[in-house]
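# Fold and contact review
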Amino acid sequence: MQLNNLKDPQQVVDFATAVKTGLGKQQGLFFPAKIPTLTGINHLLSMNTQSRNFHLLRPFVHENIDDEALHRIIGQTFTFPARMQTVNAQVSCLELFHGPTLAFKDFGARFMAQCLQHFAGNEKITILTATSGDTGAAVAHAFHGLDNIEVVILFPHGKISELQQKMFTTLSGNIRTLAVDGAFDDCQKLVKQCFDDPDLVQAVGLNSANSINVSRLFAQICYYFDALAQLPVHRREQTVVAVPSGNFGNLCAGIIAKTMGLPIKRFIASTNLNDTVPRYLQDGVWAPNATVETLSNAMDVSKPNNWPRIEYLIESGQFDRRLLSGLAVDENTTADTLQDLYRQGYLSEPHAAVAYQGLVDSLTDDELGIFLGTAHPAKFKSTVEAILGIELPLPEAIAECAKLPDLSTRLAPDFKALRRYLKS
Ligand SMILES: *Cc1c(COP(=O)(O)O)cnc(C)c1O
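Calculation criteria
- Residues numbered from 1 in each chain as written.
- Predicted model: local features only at pLDDT ≥ 70, side-chain atom pairs only at ≥ 80, totals over all residues.
- Heavy atoms only, no water.
- Near = heavy atom within 4 Å.
- Polar contact = N/O pair within 3.5 Å; in protein donor to acceptor, adjacent residues only side chain to side chain.
- Areas by Shrake-Rupley, 256 points an atom, 1.4 Å probe, with all protein chains shown as cover.
- Nonpolar A, V, L, I, M, F, W, Y, C, P; charged D, E, K, R; others polar.
- Phe/Tyr/Trp six-rings, centres within 6.5 Å; stacked < 30°, edge-to-face > 60°.
- Axes fitted to C-alpha atoms, helices over the stretch in contact; angles between N-to-C directions.
- Helix = DSSP H or I, 4+ residues; strand = E, 2+ residues; numbered from the N terminus.
- Left-handed = near helix turned anticlockwise from the far one by under 90°.
- Contact = heavy atoms within 4.5 Å.
- Salt bridge = Lys/Arg side-chain N within 4 Å of Asp/Glu carboxyl O.
- Buried < 20%, exposed > 50% of the residue type's maximum accessible area, 1.4 Å probe, protein only.
- Pairing = 2+ DSSP bridges.
- Core = buried A, V, L, I, M, F, W, Y, C linked by side-chain atoms within 4.5 Å.
- Parallel < 35°, antiparallel > 145°, perpendicular 65-115°, else oblique.
- Disulfide = S-S within 2.5 Å.

## Describing the site of the ligand
The immediate surroundings of the ligand are formed by 15 residues, with Lys-105, Gly-246, Asn-247, Phe-248 and Thr-374 found nearest. Measuring from an oxygen atom of the ligand, one finds a backbone N or O atom of Gly-246 at 2.8 Å. For the ligand, a nitrogen atom lies 2.8 Å from a polar atom in the side chain of Thr-374. Calculation on the ligand without its partners gives an accessible area of 390 Å², and the protein chains cover 95% of this total. When its residues are assigned to classes, the shell around the ligand shows six nonpolar, seven polar and two charged.

## Regarding the packing of aromatic side chains
Within the structure shown, the criterion is met by 17 aromatic pairs. Ring-pair connections join several aromatic residues into one group, and the members of that group are Phe-78, Phe-80, Phe-107, Tyr-223, Tyr-224, Phe-267 and Phe-319.

## Some thoughts on the packing of helix α10 (residues 214–229) against helix α11 (residues 249–260)
Put simply, α10 and α11 touch, their axes get as near as 8 Å, and they point 65 degrees apart. In the packing of α10 onto α11, the handedness of the crossing is right-handed. Listed contacts from α11 to Leu-217, Gln-220, Ile-221, Tyr-223, Tyr-224 and Phe-225 of α10 are Gly-249, Asn-250, Leu-251, Cys-252, Ala-253, Gly-254, Ile-256, Ala-257 and Met-260. Looking at the contact of α10 with α11 residue by residue, the classes come out as 11 nonpolar, four polar and no charged.

## As for the pattern of salt bridges
On inspection of all chains with the given rule, the structure shows 14 salt bridges. Between Arg-52 and Asp-226 there is a salt bridge, with its nearest N and O atoms 2.8 Å apart. One end of the pair, Arg-52, is in helix α3 (residues 49–61); the other, Asp-226, is in helix α10, and 174 residues separate them in sequence. Taking the relative accessible area as the measure of exposure, Arg-52 reaches 1% and is therefore buried. Taking relative accessible area as the criterion, Asp-226 reaches 10% and is therefore assigned buried. Residue Glu-367 pairs with Lys-265 through a salt bridge whose shortest N-O separation is 2.7 Å. With Glu-367 in the loop between α15 (350–362) and β13 (368–373) and Lys-265 in the loop between α11 and β11 (266–271), the pair connects residues that are 102 residues apart, well separated along the chain. On the basis of relative accessible area, Glu-367 is assigned to the buried category, the value being 2%. On the basis of relative accessibility, which here comes to 32%, the residue Lys-265 falls in the partly exposed class. One connected set of salt bridges, linked through shared partners, spans Asp-197, Asp-199, Arg-419 and Lys-423.

## Focus on the sheet that holds β13
Pairing between the strands of a sheet comes from backbone hydrogen bonds, and it takes one of two forms, parallel or antiparallel. Strands sit in the order β4-β5-β13-β10-β11-β12 across an open sheet of six strands; the sheet is mixed. Looking along the sheet, the strands with just one partner apiece sit at the ends: β4 (83–86) and β12 (324–328). Within this sheet the neighbouring strands show an average axis-to-axis angle of 25 degrees, counted without direction. Two elements, β11 and β12, share five bridges in a ladder whose sense is parallel. Within β12, the residue paired with Ile-268 across the bridge is Ser-325.

## Details of the sheet that holds strand β3 (residues 30–32)
Taken in spatial order, the three strands make up an open sheet running β2-β1-β3, and their pairing is antiparallel. Edge positions in the sheet fall to β2 (12–14) and β3, since each has one partner strand and no second. Across the sheet, the mean angle from the axis of one strand to that of its neighbour is 45 degrees, orientation sign disregarded. Alignment of strand β1 (residues 2–5) against β2, held across three bridges, turns out to be antiparallel. Along β2, the bridge assignment pairs Leu-3 with Val-13.

## Section: the nonpolar core
Most often, soluble globular proteins keep nonpolar side chains buried together rather than apart. By size, the foremost hydrophobic cluster in this structure holds 102 residues, and its most contacted members are Phe-15, Phe-143, Phe-218, Tyr-224, Phe-225 and Ile-256. Top contributing element to this core by residue count: α10, with 11 residues. Once residues lying within four places of it in the same chain are set aside, the contact partners of Phe-218 are Leu-3, Phe-15, Pro-32, Leu-57, Phe-60 and Phe-111.

## Section: the packing of helix α7 (residues 162–169) against helix α17 (residues 396–403)
Relative to each other, α7 and α17 sit at 80 degrees, their axes nearing to 9 Å. Taken together, the axes of α7 and α17 lie roughly perpendicular to each other. Of α17, the residues touching α7 (which contributes Leu-163, Lys-166 and Met-167) are Ile-398, Cys-401 and Ala-402.

## Considerations on α7
All of the buried residues in α7 are Gln-165, Lys-166, Met-167, Phe-168 and Thr-169. Next to the buried residues of α7 lie α6 (134–143), β7 (149–156), β8 (175–180) and α17.

## So, the state of the cysteines
Per the counting criterion, the structure on display carries zero disulfides. No disulfide involves Cys-187; its sulfur sits 11 Å from that of Cys-194, the nearest cysteine. Cys-222 forms no disulfide, and the closest cysteine sulfur to it belongs to Cys-115, at a distance of 11 Å. Judged by its relative accessible area of 1%, Cys-222 is buried.

Purely spatial values, then, with no claim about function.
Shown next, in the form of structure tokens:
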């Protein structure tokens, strides 16, 4: 499938190029001009996950990945389930956090890693990325042990929780981590300097594997089908999906799923106080405020970088804008909602609580609600414990990591030092 640069219509690339380059000219996002529509949706929903995912992903990638390779890639990507957990008679949580780093970002990161490796062949690639927490872990685990791919992750020394840090600094082999004496912004600046150095890019095969890589979105389409497959056939068309949103990749994937033919009735874009999109949906004015810190910090984004893709689907007439509403949830309501869920017997965390509140706010009696659980409650242990007044045990994956030695190297916030390190 050909992908267009949404900022520069002259630039049209295939899937392999889009995966390898990430961003197009003028920092434009790659996206299909027309989303393929599928027939026989109920038949698709009756298949097992791996076979269904093959049919879902094939139209996007088949010019570059043959069927045998795609089956292999899918087998390596979807190694854990997207599980529907009933909360009450009308609402379920689609739990996307049963992967190696306990966050939904595992789906996208693993598919991207497998695709990149497939396209790299014998070329050596160095993935260079900066993280303030979650993304680093998902990327590190997704690439861990892949041949010919080195991963270098920069993070601000002393600025992220020890547990979060250990989820990516304890892997050996092809994963190297650098604790930078500075803030997250310094890390990002260093990464940018590297990509601005053509000699370095060439010498070590630099690639960013960043969050706007279109391969991530495609992988995320699959679990929306998984969700409806777990509902009775006669209820599927009444389903409303609430997505806790930051950069809006997750919601974009859901809208692609609907455009392909999945009979979701409508979507709710739930945000925290970083409410650029809910305000935009309300009054049509795009007016980002300064980013504020919230309990659901993975959604502290005021300029969501995937929004142009959703806008494109609306403007090109592929998605009906009236099927999307927005809700911004404040901090007190987030805490109250988390308590409410707990009283109903469901232990959650702030991001999913924001999404659930979107359903509470608008679900009608004849509808069925699904909210997306994007992270395991233990990833936000201290926040959840403080709000619920309970003690949370650490899940095994994190407890194991916590025992391992931290293998990160300290680095001064100095481009020349980083350049030397990468070339060594
Ligand atoms: C990244 C993230 C989100 C936001 O997802 P987007 O695709 O950026 O909208 C929500 N919850 C958690 C836990 C996340 O890590």
